[in-house]
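Residue-level listing of the chains:
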Amino acid sequence: MNDFRISNASQFEGKIVTVQGWVYNMRSSGKIKFLMTRDGSGIMQGVLVKGECSDESFDLFEKLTQESSVQVTGVVRKDPRGNFELGVQKIDLITMADAYPISLKDHGVEFLMENRHLWIRSQKQWATLRVRSEIIHTIHEFFHKEGFVHFDAPILTPSSCEGTSTLFSTNYFDEKAFLTQSGQLYGEVGAMAFGKIYVFGPTFRAEKSKTRKHLTEFWMVEPEVAFANLADNMDLGEKFVEYVVGTVVEKCGKELKILERDLKELETIRGPFPRISYDEAIKILEKRGVGIPWGEDFGAPHETALGEEFGKPVFVHHMPAEIKAFYFKQSDTVGGPGVTGNGKYALGCDLIAPKGYGEIIGGGQREESVDALKRRIAEHKLDEKDYSWYLDMRRFGSVPHSGFGLGVERTVAWITGAEHVRETIPFPRMLNTLRP
Ligand code: 4AD
Ligand code: MG
């Protein structure tokens, strides 16, 4: 295998190398020809000059089409602006590409989405997906450093975690199964066995929403910690998000530049993040002219307003219990001791990203009383027999515990400044989008 990659061209200065890649762009300036080749790690300019480059290669250059696959051999040298370029000696054609549908000019997003399998070769998509890869690596790194065990939850499940309205169902031999909405309930099992775990995998929601934040298939990382309360949970979320952003700033400078992302702004994303109760948030929304009645969930305008108020991620905690899932521990007062029963508030915490990127973390403290949980399961019209194993976590050594889920695509969108979460995953799945 060829160990030359465009990304490490600086190590090959003065050496003859072969770039294995695809034609990105071509142009001529008098007798000199320029061939831009991409190899997946970057784009490099090749310069063809008569006398230095074979005549056959000059002839081939005239015939080349965008995205044809080639091997370009030449000498690595520094151009006047300090970039590494190739003094081309020879071009070998691997295959000539048909007329490529995506040119370097602008296209409509519908067309690009139909051609997602080709669109990801374009610079901005390429950079976004590289940042995604780095973020996923960093997520694993963070939790391993913090002593968490990586714990897998099943994808096919018999029960719902986040309410029954967004379940995708499938036949499972003689019964019905659902694609998981969240690995949390299984993560709680892991926390009771290992103390600190994180689940990381794809999750599914039959969301009919057509917003820039909703996918039907998205990836979630879900830490769960035994003996942790709501404040501990926010401490962990804050440390985690700070670490992820800091690592991307440190390692993805090239990609963020392609994406024209304001680095200065990202550098300010450091803890402590403000923590406000839902009641306080309601007052802020009122003041900013986007008030909602107590008990309603936030929509896009409210999340945007909270972002403007604080300019960095903000935790909202103690939400109205009636709009939250069955498993939350509840409290009758904000900041008061949790009550086992039906309190007014759920001990939840959502982290809202700035600039309307929305909620990137959702989580909270879990109900640890078996009786209270049984009541909630009934109130939410869920079938207790599907949750008997979950109730066992409360029967056999129940402890206070907390966790959260961070949505990978929304996090990538916020950090890269993507317009829509569809650009942050190779093959987005959304209402009306199942192909390619
Ligand atoms: O707030 P959610 O629904 O929380 C849970 O699923 C909990 N069971 C997690 C836990 O405590 N272990 O979802 C968590 C996060 C959201 O904050 C958001 O970032 C992301 O998952 N998310 C979505 N991302 C893209 N498209 C969607 N349709 C999403 N729904 C949630
Ligand atoms: Mg949520």
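About the thresholds
- Residues numbered from 1 in each chain as written.
- Chains lettered and ligands numbered in written order.
- Predicted model: local features only at pLDDT ≥ 70, side-chain atom pairs only at ≥ 80, totals over all residues.
- Heavy atoms only, no water.
- 1 Å grid on protein atoms, 1.4 Å probe; cavity = no way out; pocket = protein on both sides within 12 Å on 5 of 7 lines; lining within 4 Å.
- Points joined across faces, edges and corners; volume = space filled by probe spheres on them.
- Nonpolar A, V, L, I, M, F, W, Y, C, P; charged D, E, K, R; others polar.
- Pairing = 2+ DSSP bridges.
- Helix = DSSP H or I, 4+ residues; strand = E, 2+ residues; numbered from the N terminus.
- Axes fitted to C-alpha atoms, helices over the stretch in contact; angles between N-to-C directions.
- Contact = heavy atoms within 4.5 Å.
- Domains from an automatic or database assignment.
- Buried area = accessible area lost by both parts, 1.4 Å probe.
- Salt bridge = Lys/Arg side-chain N within 4 Å of Asp/Glu carboxyl O.
- Polar contact = N/O pair within 3.5 Å; in protein donor to acceptor, adjacent residues only side chain to side chain.
- Phe/Tyr/Trp six-rings, centres within 6.5 Å; stacked < 30°, edge-to-face > 60°.
- Buried < 20%, exposed > 50% of the residue type's maximum accessible area, 1.4 Å probe, protein only.
- Lys NZ or Arg CZ within 6 Å of the ring centre and 35° of its normal.
- Disulfide = S-S within 2.5 Å.
- Expected span 1.5 Å × (residues − 1).
- Parallel < 35°, antiparallel > 145°, perpendicular 65-115°, else oblique.
- Left-handed = near helix turned anticlockwise from the far one by under 90°.
- Patch = residues over 30% accessible without salt bridge, like charges linked within 9 Å, V, L, I, M, F, W, Y side chains within 5 Å.
- Areas by Shrake-Rupley, 256 points an atom, 1.4 Å probe, with all protein chains shown as cover.

Here's the deal with empty space enclosed by the protein
Line of reasoning, step 1. Tallied over the entire structure, the rule returns four cavities of 30 Å³ or more.
Line of reasoning, step 2. If you add up the space inside the largest cavity, you get close to 50 Å³.
Line of reasoning, step 3. Around the largest cavity, the lining residues are Thr157, Ser159, Ser160, Cys161, Thr180, Gln181, Ser182, Leu185 and Tyr186.
Line of reasoning, step 4. Residue classes in the lining of the largest cavity are distributed as three nonpolar, six polar and no charged.

Here's the deal with the sheet that holds strand 5 (residues 84-95)
Line of reasoning, step 1. Pairing is mixed around the closed barrel formed by five strands, whose spatial order is 1-2-3-5-4. Each adjacent strand pair in this sheet contributes to an overall mean axis angle of 55°, direction not counted.
Line of reasoning, step 2. Across seven bridges, the pairing between strand 1 (residues 16-29) and strand 4 (residues 69-78) is antiparallel. Within strand 4, the position partnered with Gly21 by the bridge is Val70.
Line of reasoning, step 3. This element, helix 1 (residues 55-63), spans strand 1, strand 2 (32-38), strand 3 (43-48) and strand 5 of the sheet and lies at about 75° to strand 5.

Observations concerning the domain arrangement of the chain
Line of reasoning, step 1. The domain architecture assigned to the chain consists of domain 1 (6-95) and domain 2 (116-424).
Line of reasoning, step 2. On a C-alpha basis, the centres of domain 1 and domain 2 stand 46 Å from each other.
Line of reasoning, step 3. On the domain 2 side, the residues contacting the nine residues of domain 1 number five residues.
Line of reasoning, step 4. Counting the surface lost from both domain 1 and domain 2, the interface buries some 490 Å², and carbon and sulfur atoms represent 42% of this.
Line of reasoning, step 5. Run the count over domain 1 and domain 2 and you get one salt bridge.
Line of reasoning, step 6. Run the count over domain 1 and domain 2 and you get three residue pairs in polar contact (both at pLDDT 80 or more).

Concerning the packing of aromatic side chains
Line of reasoning, step 1. On inspection of all chains with the given rule, the structure shows 20 aromatic pairs.
Line of reasoning, step 2. A centroid spacing of 6.1 Å and a plane angle of 35° characterise the contact between Phe240 and Phe404, whose relative ring orientation is tilted. Of this pair, Phe240 sits in helix 6 (residues 230-251) while Phe404 sits in strand 18 (residues 401-407); the two residues are 164 residues apart in sequence, bridging distant segments of the chain.
Line of reasoning, step 3. With a relative accessible area of 0%, Phe240 lands in the buried category.
Line of reasoning, step 4. Residue Phe404 is classed as buried on the basis of its relative accessible area, which comes to 2%.
Line of reasoning, step 5. Seen from the ring of Tyr357, Arg212 lies directly overhead, with NZ or CZ sitting 4.8 Å from the centre.
Line of reasoning, step 6. Against the face of Tyr390 rests Arg394, its NZ or CZ located 4.3 Å from the ring centre.

Some details on the state of the cysteines
Line of reasoning, step 1. The tally for this structure, following the rule as stated, stands at zero disulfides.
Line of reasoning, step 2. The closest cysteine sulfur to the non-disulfide-bonded Cys349 is located on Cys161, 15 Å from its own sulfur.
Line of reasoning, step 3. Of the residues examined, Cys349 reaches a relative accessible area of 1% and is grouped as buried.

Here's the deal with helix 4 (residues 123-145)
Line of reasoning, step 1. For helix 4, built from 23 residues, the straight-helix expectation of 33 Å at 1.5 Å per residue is met to within 8% by its first-to-last C-alpha distance of 33 Å.
Line of reasoning, step 2. Immediately downstream of helix 4, the backbone of Gly147 shows phi near 85°, a positive value.

Considering the pairing of strand 1
Line of reasoning, step 1. One ladder, built from seven bridges, connects strand 1 with strand 2; its direction is antiparallel. From the neighbouring strand, Asn25 faces strand 2, where its bridge partner is Met36.

Comments concerning the environment of Thr95
Line of reasoning, step 1. Position of Thr95 among the secondary structure elements: in strand 5.
Line of reasoning, step 2. As a C-alpha pair, Thr95 and Leu64 span 31 residues in sequence and 9.7 Å in three-dimensional space.
Line of reasoning, step 3. Those residues in contact with Thr95 that sit more than four places away from it in its chain are Ser68 and Ser69.
Line of reasoning, step 4. In this structure the side chain of Thr95 is engaged in a polar contact, spanning 2.8 Å, whose partner is the side chain of Ser69.

Some remarks on the packing of helix 4 against helix 6
A pair of packed helices can be characterised by two numbers: the angle between their axes and the separation between those axes.
Line of reasoning, step 1. Between helix 4 and helix 6, the least distance of the axes is 10 Å, while the angle of their chain directions is 135°. Here helix 4 lies oblique to helix 6, going by the angle between them. Between helix 4 and helix 6 the crossing geometry is right-handed. Contacts from Val131, Glu134, Ile135, Thr138, Ile139, Glu141, Phe142, Phe143 and Lys145 in helix 4 reach Leu236, Lys239, Phe240, Tyr243, Val244, Thr247, Val248 and Lys251 in helix 6.
Line of reasoning, step 2. Of the residues belonging to the contact of helix 4 with helix 6, the class tally is ten nonpolar, two polar and five charged.

A closer look at the layout of surface pockets
Picture a little ball the size of a water molecule; that probe, rolled over the atoms, points out where space is still empty.
Line of reasoning, step 1. As a volume, the largest pocket reaches approximately 1,200 Å³.
Line of reasoning, step 2. Lining of the largest pocket is provided by 41 residues; of these, Glu162, Arg205, Glu207, Glu359 and Arg410 occupy positions nearest its centre.
Line of reasoning, step 3. Put simply, the parts of the chain that give the lining of the largest pocket at least two residues each are strand 11 (217-226), helix 10 (300-310), strand 16 (345-353), strand 17 (358-365), strand 18 and helix 13 (408-416).
Line of reasoning, step 4. For the lining of the largest pocket, the element with the highest residue contribution is strand 17, accounting for five residues.

Let's talk about a nonpolar patch on the surface
Line of reasoning, step 1. A cluster of nonpolar residues, Leu156, Tyr172 and Phe173, forms a patch on the protein surface that exposes about 360 Å² of accessible area.
Line of reasoning, step 2. Relative to the assigned elements, Phe173 resides in the loop between strand 8 (169-172) and strand 9 (175-179).
Line of reasoning, step 3. Classification of Phe173 by relative accessible area gives exposed; the value is 73%.

Focus on unusual backbone geometry
Line of reasoning, step 1. The omega torsion across Gly271 and Pro272 is -5°, close enough to zero to call that bond cis.
Line of reasoning, step 2. Its location among the elements puts Pro272 in the loop between helix 8 (263-267) and strand 12 (275-277).
Line of reasoning, step 3. The omega torsion of the bond from Arg435 to Pro436 falls at -5°, within 30 degrees of zero and hence cis.
Line of reasoning, step 4. Along the chain, Pro436 turns up in the segment after helix 13.
Line of reasoning, step 5. Located in the positive-phi region is Phe227, a residue other than glycine, with phi close to 65°.
Line of reasoning, step 6. Along the polypeptide, Phe227 turns up in the loop between strand 11 and helix 6.
Line of reasoning, step 7. We note that Lys381 has phi near 60°; this positive angle belongs to a residue other than glycine.
Line of reasoning, step 8. Inspection of the secondary structure assignment puts Lys381 in the loop between helix 11 (370-379) and helix 12 (388-395).

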